[in-house]
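# Examining the three-dimensional arrangement
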Amino acid sequence: MSSIRARLRPRPMPLNIFPDMEGLPRIILTEATGSSAEVLLYGGQVVSWKNERKEELLFMSSKANWKQSKANRGGISVCFPQFGNLGSLEQHGSARNRLWSLDRDPSPLPPSDNQSSVDLIIKSTGVDLKNRPCSFEFRLRISLSAGKLILIPRVRNTDNKTLSFTLSISNYLSVSDISEVRVEGLETLDYLDNLLNRSRFTEQADAITFDGQMDRLYLRTPTKIAVIDHEKKRTFVLQKNAMPD
Ligand SMILES: O=P(O)(O)OC[C@H]1O[C@@H](O)[C@H](O)[C@@H](O)[C@@H]1O
């Protein structure tokens, strides 16, 4: 009986991995409604997310060049073990400049179906240990489903010392003219204005609109914010869990 059950269990489809134009491994995730996402092992960066109408939902800088071995602005990137310049490490940490590996043992998460999700891993290197003497494993699951892209970062301290780090998931969304965009969910929050030497202010507006460059770090953000693009008639809902700041 057990052998019949084993034979009937659907075998996971292999991952779609292709070398891109620069020869770097690129994983393509797909799901039943036709949406797709592309992930580079370099940086563990999501570089494309298309909806079922094949419209690109993420911004990617036209200057992006992965051959230079430096982080490229765009998509969705992971900042670890340091967010921004809040520490002595390079801006936004080293994870976005590392070549990640496929994680074949992503326990305790349920196994992925390999077509619509991928598990990646990096482990601390000598350089990390020089700057932060505590070894770690950093896992990232990227899952695509209809209308949704979920990133689950997990950090494991593999040492017997305390591991301190900061972590962020940076989303670069594709929007129409910035004057057509409104952000809801940040009203009444305090923020640090990076264009004014991180001075602290309290948001007074009902919603955030843009009439010029803005570079702010909002504090104690809620679990959900909405980015509404009037021209494209599209709303992104950004949701976070268990990531207090
Ligand atoms: O340009 P980078 O290094 O990818 O960082 C992205 C952004 O990260 C934010 O934390 C900074 O406030 C911005 O100034 C910066 O542009």
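Anything mentioned here points back to the structure above.
A brief structural summary. On a predicted model such as this, the values are computed, not experimentally measured, just so you know.

If you tally the helices and strands in the protein chain, you get 2 helices and 17 strands. What you see for the protein chain is a C-alpha radius of gyration of 20 Å, in line with the 18 Å of a compact globule of 245 residues. Projected onto its principal axes, the C-alpha positions of the protein chain cover 65 × 45 × 35 Å. Counting the 245 residues in the protein chain, one finds 41% classified as buried. For the protein chain, contacts bridging at least 24 residues in sequence account for 51% of all contacts bridging at least 6. Of the accessible surface of the protein chain, which amounts to about 14,600 Å², a share of 52% is contributed by carbon and sulfur atoms. Considering the protein chain, the positive charge centre built from 34 side chains and the negative charge centre built from 28 side chains are found 8 Å apart.

A few words now on the site of the ligand. With respect to spatial proximity, the complete set of residues near the ligand consists of Arg73, Phe83, Gln91, His92, Arg96, Tyr172, Asn194 and Asp215. Take Arg73: an N or O atom from its side chain is 2.4 Å from an oxygen atom of the ligand. In this structure, Asp215 approaches the ligand through a side-chain N or O atom, which is 2.4 Å from an oxygen atom. Within the complex, 66% of the 380 Å² of free accessible area of the ligand lies under protein. Looking at the shell around the ligand residue by residue, the classes come out as 2 nonpolar, 3 polar and 3 charged.

Moving on, we get to the pairing of strand E17 (residues 234–239). Where strand E16 (residues 224–229) lies against E17, 6 bridges are found, and the strand directions are antiparallel. Paired with Val227 across the bridge in E17 is Phe236. Between E16 and E17, which pair antiparallel and follow one another directly, the connecting turn spans 4 residues, one of which, Lys233, has a positive phi of 50°.

Here strand E11 (residues 181–184) shows a clear split, with Val181 and Val183 buried on one side and none of Arg182 and Glu184 buried on the other. Across 4 bridges, the pairing between E11 and E16 is antiparallel. Bridging across to E16, Arg182 finds its partner in Ile228. Here E11 runs beside strand E14 (residues 208–209); their pairing, made up of 2 bridges, is antiparallel. The residue of E14 that forms the bridge with Arg182 is Thr209.

Turning next to the pattern of salt bridges. A full pass over the atoms with the stated rule returns 12 salt bridges. Its salt-bridge partner being Asp103, residue Arg139 comes within 2.7 Å of it at the nearest N-O pair. Taken together, the residues Arg139 in strand E8 (residues 136–145) and Asp103 in the loop between strand E6 (101–102) and strand E7 (117–123) connect sequence positions 36 residues apart. Just as Arg139 is buried, Asp103 falls in that class too. For Glu203, the salt bridge goes to Arg216, with nearest N and O atoms at 3.0 Å. On the criterion of sequence distance, the pair formed by Glu203 in the loop between strand E13 (199–202) and E14 and Arg216 in strand E15 (residues 216–218) is long-range, its members being 13 residues apart. By relative accessible area, which is 27% here, Arg216 ends up partly exposed. Through salt bridges with shared partners, one network takes in Glu52, Arg53, Glu55 and Arg234.

A cluster of nonpolar residues, Leu195, Leu196 and Phe201, forms a patch on the protein surface that exposes about 260 Å² of accessible area. In this structure, Leu195 sits in the loop between strand E12 (190–193) and E13. Judged by relative accessible area, which is 43%, Leu195 ranks as partly exposed.

Moving on, we come to the nonpolar core. Counting residues in each nonpolar core, the largest one holds 37 residues, and the members touching the most others are Leu29, Ile142 and Leu149. The element contributing the most residues to this core is E8, with 5 residues. Both of domain 1 (2–174) and domain 2 (175–245) provide at least three residues apiece to this core. Counting 6 residues, the second largest nonpolar core, distinct from the first, contains Leu24, Tyr42, Val47 and Trp66.

Conventions and cut-offs
- The residue numbering used here restarts from 1 in each chain and proceeds along that chain's sequence as written.
- For a predicted model such as this one, the threshold for reporting local features is a pLDDT of at least 70, and the threshold for listing and counting side-chain atom pairs is 80 or more; totals across whole chains, interfaces and linings nevertheless cover every residue.
- The basis for the side-chain values is all heavy atoms of the structure; hydrogens and waters are excluded.
- Secondary structure elements follow DSSP: runs of H or I of four or more residues count as helices, runs of E of two or more count as strands, with numbering from the N terminus.
- With C-alpha atoms as the basis for the radius of gyration, the globule rule is written as 2.2 Å multiplied by the number of residues raised to the power 0.38.
- Note on exposure labels: buried denotes an accessible area under 20% of the residue type's maximum, exposed denotes more than 50%, and partly exposed covers the range between, all computed with a 1.4 Å probe on protein chains only.
- Between two residues, a contact is recorded if the distance between any of their heavy atoms is within 4.5 Å.
- Reported accessibility uses the Shrake-Rupley method at a 1.4 Å probe radius. Residues are deemed covered only where the shown protein chains occlude them.
- In this tally, Asp and Glu contribute negative charge and Lys and Arg positive charge; neither His nor the terminal groups of the chain are included.
- Where a charge sits is defined by one atom per residue type, namely NZ (Lys), CZ (Arg), CG (Asp) or CD (Glu).
- Throughout, the term near means that a residue has one or more heavy atoms lying within 4 Å of the molecule or strand in question.
- Here a polar contact is recorded for every N or O atom pair within 3.5 Å, except that within protein the pair must consist of a potential hydrogen donor and a potential acceptor, and residues adjacent in sequence are included only if both atoms are side-chain atoms.
- Under the convention adopted here, Pro, Cys and the residues Ala, Val, Leu, Ile, Met, Phe, Trp and Tyr are nonpolar, Asp, Glu, Lys and Arg are charged, and Gly plus all remaining residues are polar.
- Note: two strands are recorded as paired if DSSP finds a minimum of 2 bridges between them.
- Salt bridges are defined as contacts in which a side-chain nitrogen from Lys or Arg sits within 4 Å of a carboxyl oxygen from Asp or Glu.
- Two joining distances apply to patches: 9 Å for like charges and 5 Å for nonpolar side chains (Val, Leu, Ile, Met, Phe, Trp, Tyr), and every residue must have over 30% relative accessible area and no salt bridge.
- Buried Ala, Val, Leu, Ile, Met, Phe, Trp, Tyr and Cys residues that are joined via side-chain atoms within 4.5 Å together make up what is termed a nonpolar core.
- These domain limits were set by an automatic method or by a database of domain assignments.

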